[in-house]
Amino acid sequence: WSEAKKACEKLGGHLATITSAEEQRSIEDHLGEPICNNYWIGGYRDGDSWKWITDESFEYTNWESGEPNNYGGSENYVHMFGDGYKTRGRWNDASDSGAAYANSYYDLDKYGYICEFDPANPDVTYTPGDSCANLEWNAVPNAEKYAVCGFLRGKWTKLDETTDTSYTVKNL
């Protein structure tokens with residue numbers, strides 16, 4: 001789990017946190033045909049409580065029947081079953097190095113991990129003009145379009161959408 005956490009952070013994300021049935025379904029759908037038996041996600045035990053690494057609320061759960069059971073007294077991390085031995089998508093608690101003591105299904109070389117990436121906020125450059133302002137920003141990887149917003153009459157409002165990385169606000 002610790003190595004998976006570091007790997008996600010190195011990529012600019014974090015181990016996935018699953019806070020609703022909708023998120024659970026989405027992750028399972030994106031897995032397609034699992035290539036690992038188990039996938040680390042961002043849940044961990046803190047004393048008697050379960051937490052997400054992002055400090056989001058740990059209310060939604062999808063534990064396998066009889067879990068979490070803290071087998072051996074050191075199962076403090078959450079993984080999701082991929083395919084085969086247990087119910088796909090269900091969660092299990094395991095030690096930091098997996099649950100290799102149980103059987104070959106839990107061997108550490110059969111673990112993957114699921115990273116989550118928060119939306120990117122590009123750097124925006126503002127250049128004032130005559131009754132207008134030009135906005136330019138760096139492209140966000142995989143973005144299909146950008147929303148241009150402004151603070152009008154005391155609230156944020158979407159002005160327009162564009163596929164470009166620049167926009168001119170007119171009639172200022």
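Definitions and limits used
- Residues numbered from 1 in each chain as written.
- Predicted model: local features only at pLDDT ≥ 70, side-chain atom pairs only at ≥ 80, totals over all residues.
- Heavy atoms only, no water.
- Pairing = 2+ DSSP bridges.
- Helix = DSSP H or I, 4+ residues; strand = E, 2+ residues; numbered from the N terminus.
- Axes fitted to C-alpha atoms, helices over the stretch in contact; angles between N-to-C directions.
- Buried < 20%, exposed > 50% of the residue type's maximum accessible area, 1.4 Å probe, protein only.
- Phe/Tyr/Trp six-rings, centres within 6.5 Å; stacked < 30°, edge-to-face > 60°.
- Disulfide = S-S within 2.5 Å.
- Salt bridge = Lys/Arg side-chain N within 4 Å of Asp/Glu carboxyl O.

Peer 1: Please explain the sheet that holds strand 12 (residues 166-170) as it appears in this structure.
Peer 2: Sheet strands pair by backbone hydrogen bonding; their relative direction is either parallel or antiparallel. Taken in spatial order, the three strands make up an open sheet running 8-9-12, and their pairing is antiparallel. The open sheet has two free edges, formed respectively by strand 8 (124-128) and strand 12, since each of these has just one partner strand. For this sheet the average axis-to-axis angle between neighbouring strands, irrespective of direction, equals 20°. Pairing analysis gives five bridges linking strand 9 (residues 132-137) to strand 12, with the strands arranged antiparallel. Residue pairing for strand 12: Glu 136 is matched across the bridge by Ser 166.

Peer 1: Help me understand unusual backbone geometry in this model?
Peer 2: Across the chain, the bulk of peptide bonds are trans and the bulk of non-glycine residues have phi less than zero. In this model, Glu 67 is joined to Pro 68 through a cis peptide bond whose omega is -5°. One non-glycine residue, Asp 55, adopts positive backbone phi at about 70°. Here Asp 55 lies in the loop between strand 3 (49-52) and strand 4 (77-81). Take Asp 55: its relative accessible area is 67%, and that puts it in the exposed class. A positive phi angle, near 60°, is found at Ser 131, a position not held by glycine. We classify Ser 131 as partly exposed; its relative accessible area is 41%.

Peer 1: Looking at this model, I keep getting lost on the packing of aromatic side chains. Mind explaining?
Peer 2: Describing an aromatic ring pair means giving the distance of the ring centres and the angle of the ring planes. This model, assessed by the stated rule, comprises 12 aromatic pairs. On the basis of an interplanar angle of 80° and a centroid distance of 5.9 Å, the ring pair of Tyr 60 and Trp 91 is categorised as edge-to-face. With Tyr 60 in the loop between strand 3 and strand 4 and Trp 91 in strand 5 (residues 91-94), this residue pair connects regions lying 31 residues apart in the sequence. Put simply, the rings of Trp 50, Trp 52, Phe 58, Tyr 60, Trp 63 and Trp 91 touch in pairs and so form one group of aromatic residues.

Peer 1: For this particular structure, what's the right way to read the state of the cysteines?
Peer 2: Working definition of a disulfide: a covalent bond connecting the sulfur atoms of two cysteines. Summed over the entire model, instances satisfying the criterion amount to one disulfide. For Cys 8, the disulfide goes to Cys 115, at an S-S distance of 2.0 Å. On the S-S bond that ties Cys 8 to Cys 115, the torsion sits near -90°, and the link is left-handed. With a gap of 107 residues between them, Cys 8 in helix 1 (residues 2-10) and Cys 115 in strand 7 (residues 115-116) connect regions that are remote in the sequence. Taking relative accessible area as the criterion, Cys 8 reaches 0% and is therefore assigned buried. The thiol of Cys 132 is not disulfide-bonded; the next cysteine sulfur, from Cys 149, is found 19 Å away.

Peer 1: Any chance you could explain the environment of Thr 61 here in plain terms?
Peer 2: Position of Thr 61 among the secondary structure elements: in the loop between strand 3 and strand 4. Expressed as a C-alpha distance, the spacing of Thr 61 and Tyr 111, which sit 50 residues apart in the sequence, is 20 Å.

Peer 1: What exactly am I supposed to notice about the pattern of salt bridges here?
Peer 2: All chains considered together, the criterion is met by seven salt bridges. The salt bridge involving Lys 145 is made with Glu 161; its shortest N-O contact spans 3.0 Å. With a gap of 16 residues between them, Lys 145 in the loop between strand 9 and strand 10 (146-152) and Glu 161 in strand 11 (residues 155-162) connect regions that are remote in the sequence. Note on Lys 145: relative accessible area 52%, which makes it exposed. Judged by relative accessible area, Glu 161 falls into the partly exposed class, the value being 35%. Several salt bridges converge on common partners, so that one network encompasses Lys 145, Lys 158 and Glu 161.

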